[in-house]
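Given next are the chains, with one letter for each unit.
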Amino acid sequence: MKFSHIVASSLTALGMFAFVACDDGNSANNNSSSKGDDVCAEKVKYDCSVSGGFVVVAPNGCDSYKVGDKITVVFGTDVEDASYRIMYRESDEVEGWDLTEASIPASEVVADGKTCNTFEVVLNPDDVEPSDEGMIVVKGYGKSGIGVSKPFKVEE
């Protein structure tokens with residue numbers, strides 16, 4: 001066997017190994033995310049498109065938090081209102097508690113149905129109870145319609 005053939009075969013094998021080792025994780029058999037869902041990937045690009053209401057895209061149901069944590073809420077809306085609320089629900093069966101000290105004025109929310117609005121809120125220990133199905137709710141004060149996040153875990 002010629003030396004050049006051995007080198008070429010070795011490089012081919014090495015290249016195949018490198019290709020597998022550097023896989024971007026988008027294969028159909030990838031189960032690296034906690035929910036087996038691309039939404040749980042770190043490099044999420046949020047789609048805040050909505051028509052006739054609200055959409056909450058973060059938290060996206062992949063993370064867990066502790067009572068007292070600061071979390072980022074990302075939502076889109078096309079509902080023009082004087083002010084908005086961000087609330088926490090420990091389940092679908094409760095109304096929820098406001099996570100902002102005051103309402104969010106309309107001047108701080110882009111209500112064009114495509115822009116992502118981002119706010120940081122604290123899971124205040126005075127209001128937030130641990131839950132396996134906690135949710136963030138976003139809604140306007142004067143108009144109907146709400147946006148609800150995917151359920152996420154909140155621990156003590």
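Look above for the structure.
Structural notes, computed from the coordinates. (Residues numbered from 1 in each chain as written. Predicted model: local features only at pLDDT ≥ 70, side-chain atom pairs only at ≥ 80, totals over all residues. Heavy atoms only, no water.)

**A short note on the environment of Asp78**
The following threshold applies: Comment: elements are numbered from the N terminus, with helices defined as DSSP H or I runs of at least four residues and strands as E runs of at least two. Between buried and exposed lies partly exposed: a residue is buried under 20% and exposed over 50% of the maximum accessible area for its type, with that area taken using a 1.4 Å probe on protein chains only. Any two residues having at least one pair of non-hydrogen atoms within 4.5 Å are treated as being in contact. We call two N or O atoms a polar contact when they sit within 3.5 Å, provided that within protein one can donate a hydrogen and the other can accept it, with sequence-adjacent residues counted only if both atoms are side-chain atoms.
Topologically, Asp78 is positioned in the loop between β3 (70-77) and β4 (83-89). For Asp78, a relative accessible area of 27% translates into the label partly exposed. For the pair Asp78 and Gly113, spaced 35 residues apart in sequence, the C-alpha separation works out to 4.2 Å. The residues contacting Asp78, other than those within four sequence positions of it, are Val50, Ser51, Gly52, Gly53, Ala111, Asp112 and Gly113. At 2.6 Å, the side chain of Asp78 and the backbone nitrogen of Gly52 are in polar contact. Side-chain polar atoms of Asp78 contact the backbone nitrogen of Gly53, separated by 2.8 Å.

**Considering the sheet that holds strand β1 (residues 54-58)**
Condition: If DSSP finds at least two bridges between two strands, the strands pair. Axis lines are fitted through C-alpha atoms, for helices just across the contact stretch, and the angle between N-to-C directions can take any value from 0 to 180 degrees.
Pairing in this open sheet of 3 strands is antiparallel, and the strands run β1-β3-β7 from one edge to the other. The outermost strands of the open sheet, each flanked by one partner alone, are β1 and β7 (117-122). Neighbour-to-neighbour, the strand axes of this sheet turn through a mean angle of 35°, independent of strand direction. Bridge count between β1 and β3: 4 bridges; the pairing is antiparallel. Paired with Ala58 across the strands is Val74, a residue of β3.

**Concerning the state of the cysteines**
Using the following cut-off: When two cysteine sulfur atoms are found within 2.5 Å, that pair is recorded as a disulfide.
By the definition in use, this model includes 1 disulfide. Linked covalently through their sulfurs, Cys48 and Cys116 form a disulfide whose S-S length is 2.0 Å. Disulfide Cys48-Cys116: the torsion about the S-S bond is 100°, which places it as right-handed. Of the two residues, Cys48 is situated in the loop between α1 (3-21) and β1 and Cys116 in the loop between β6 (104-105) and β7; the sequence distance between them amounts to 68 residues.

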